[in-house]
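# Chain and residue survey
For reference, the chains in residue letters:
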Amino acid sequence: VFGVSAIVNLGWKDQLFLELTGRNDWLSTLTYPTYVLDGQNNYTVFYPSANASWVFTDTFREKMPEWFSFGKLRASIARVGMGPSAYETIKGYGVYSQTSIYTPDRKGSVIASTPNLGTAYNNNVKPEIQQQIELGFDARFFNERLTVDFAYYKANTYNQIMTVGSVSESGASSKLINAGNIQNQGIELSLEGTPIRTSDWRWTVGGNFTINRGKVKELDSEVKEWQLLYSMDGGPEIYAFEGGDFGVLVSGIN
């Protein structure tokens, strides 16, 4: 991977903050040799991000009540790109497929290898992109004895690179695809209180509450289900169905 990145940080009166980032990667795992005439070479991916925050208690300090110690609103949006592992997009040669072939005079040998045909190669794999937004706030009360932190997030993964089963008559047991859109969204709430605080010691207690929901918005034009956990003895299995939740527990008994 070869990448170039940049970052810019801006601030105004220690109240408004903006951070902008950008990165471009060139991925060798998405390039193709010359003999793959129809290889798409989707090897470049750009992903930016923006983060903004506003400490509104500093802006309106004269109008804020004394018990409201601190308040900040924040928002962010970011994209991240990645490619597959090495040798996943073309037929390669494995270490365990190498054999020795002796020359006719039996005085020497050459190494011969056979291609790995377990997974059908895909010459049009695109970089995997995850885009996430987050909105939240941080509020502190009573000289920071009570703290509340809340966040809502939604992450969508596009072109997720994964291996799925293939028809055995094709000569490969699996194939590499780009899944369409897998979404995760949820909320996080954190509460923290300090009932006792002296010059010698302090007692702080807190807790977290989270909800996360994963949904398969779209898989592939040829694949409508994805097996995440396989059971060999008839036990429960886990699937992802297009249009359903990510990770559905099903019976392994037919």
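Residues numbered from 1 in each chain as written. Predicted model: local features only at pLDDT ≥ 70, side-chain atom pairs only at ≥ 80, totals over all residues. Heavy atoms only, no water.

The residue Asp 138 is located in strand β8 (residues 128–141) in this model. Take Asp 138: its relative accessible area is 10%, and that puts it in the buried class. Here Arg 140 takes part through its side chain, which lies 3.0 Å from a polar atom of the side chain of Asp 138. Filtering out sequence-adjacent residues up to four positions away, Asp 138 remains in contact with Phe 70, Gly 71, Lys 72, Arg 74, Thr 147, Val 148 and Asp 149. (Helix = DSSP H or I, 4+ residues; strand = E, 2+ residues; numbered from the N terminus. Buried < 20%, exposed > 50% of the residue type's maximum accessible area, 1.4 Å probe, protein only. Polar contact = N/O pair within 3.5 Å; in protein donor to acceptor, adjacent residues only side chain to side chain. Contact = heavy atoms within 4.5 Å.)

With that settled, consider unusual backbone geometry. The backbone of Asp 14 sits at a positive phi, close to 55 degrees, despite the residue not being glycine. Examined against the element boundaries, Asp 14 turns out to sit in the loop between β1 (2–12) and β2 (16–26).

The subject of this paragraph is the pairing of strand β11 (residues 202–218). Bridge count for strand β10 (residues 174–197) against β11 is 15 bridges, and the pairing is antiparallel. Bridge assignment links Ser 190 to a residue of β11, and that residue is Asn 208. Connecting β10 to the next strand, β11, in antiparallel fashion are 4 residues. (Pairing = 2+ DSSP bridges.)

A few words now on the nonpolar core. Membership of the largest hydrophobic core is limited to 10 residues, which are Met 162, Val 164, Ile 177, Ala 179, Ile 182, Val 216, Leu 219, Val 223, Trp 226 and Ala 240. Looking at this core, the elements with two or more residues in it are β9 (146–165) and β10. Among the elements that make up this core, the one with the highest residue count is β10 (3 residues). If near-sequence neighbours (up to four positions away) are discounted, Leu 219 is found in contact with Met 162, Asn 178, Ala 179, Gly 180, Lys 224, Glu 225, Trp 226, Ala 240 and Glu 242. Formed by 9 residues, the second largest nonpolar core is a distinct cluster that contains Leu 30, Val 45, Val 125 and Leu 176. (Core = buried A, V, L, I, M, F, W, Y, C linked by side-chain atoms within 4.5 Å.)

Right, let's get into the packing of aromatic side chains. One pass over the full model with this rule turns up 9 aromatic pairs. Consider the rings of Trp 54 and Phe 56, whose centres lie 6.0 Å apart with planes at 65 degrees: the pair is edge-to-face. On the numbers, 5.9 Å between centres and 20 degrees between planes, the contact of Trp 67 with Phe 68 is stacked. Given a relative accessible area of 44%, Trp 67 falls into the partly exposed group. One aromatic cluster is present, built from ring pairs that chain together Trp 54, Phe 56, Phe 60, Trp 67, Phe 68, Phe 141 and Phe 142. Its guanidinium or amino end placed over the ring of Phe 70, Arg 140 lies 4.4 Å from that ring's centre, counting from NZ or CZ. (Phe/Tyr/Trp six-rings, centres within 6.5 Å; stacked < 30°, edge-to-face > 60°. Lys NZ or Arg CZ within 6 Å of the ring centre and 35° of its normal.)

Here we come to a nonpolar patch on the surface. On the surface, a cluster of nonpolar side chains totalling about 390 Å² of accessible area is made up of Phe 2, Val 4, Trp 26 and Tyr 43. Positionally, Val 4 belongs in strand β1. (Patch = residues over 30% accessible without salt bridge, like charges linked within 9 Å, V, L, I, M, F, W, Y side chains within 5 Å. Areas by Shrake-Rupley, 256 points an atom, 1.4 Å probe, with all protein chains shown as cover. Salt bridge = Lys/Arg side-chain N within 4 Å of Asp/Glu carboxyl O.)

Turning to the environment of Arg 74, a few remarks are in order. By the element assignment, Arg 74 lies in strand β4 (residues 68–82). Linking Arg 74 and Gly 136, residues 62 residues apart in sequence, is a C-alpha distance of 5.4 Å. Excluding its chain neighbours within four sequence positions, the residues that come into contact with Arg 74 are Ala 52, Ser 53, Glu 134, Leu 135, Gly 136, Phe 137, Asp 138, Asp 149, Phe 150 and Ala 151.

This part is about the environment of Trp 67. Mapped onto the secondary structure, Trp 67 falls in the loop between α1 (56–59) and β4. Linking Trp 67 and Glu 144, residues 77 residues apart in sequence, is a C-alpha distance of 8.8 Å. When neighbours within four sequence positions are excluded, Trp 67 is seen to be in contact with Arg 140, Phe 141 and Phe 142.

Enumeration over the complete set of coordinates arrives at 5 salt bridges. Measuring nitrogen to oxygen at the nearest pair gives 3.0 Å for the salt bridge that ties Asp 138 to Arg 140. The exposure class assigned to Arg 140 is partly exposed, which follows from its relative accessible area of 24%. The residue Arg 140 makes a salt bridge to Glu 144 at a minimum N-O spacing of 3.6 Å.

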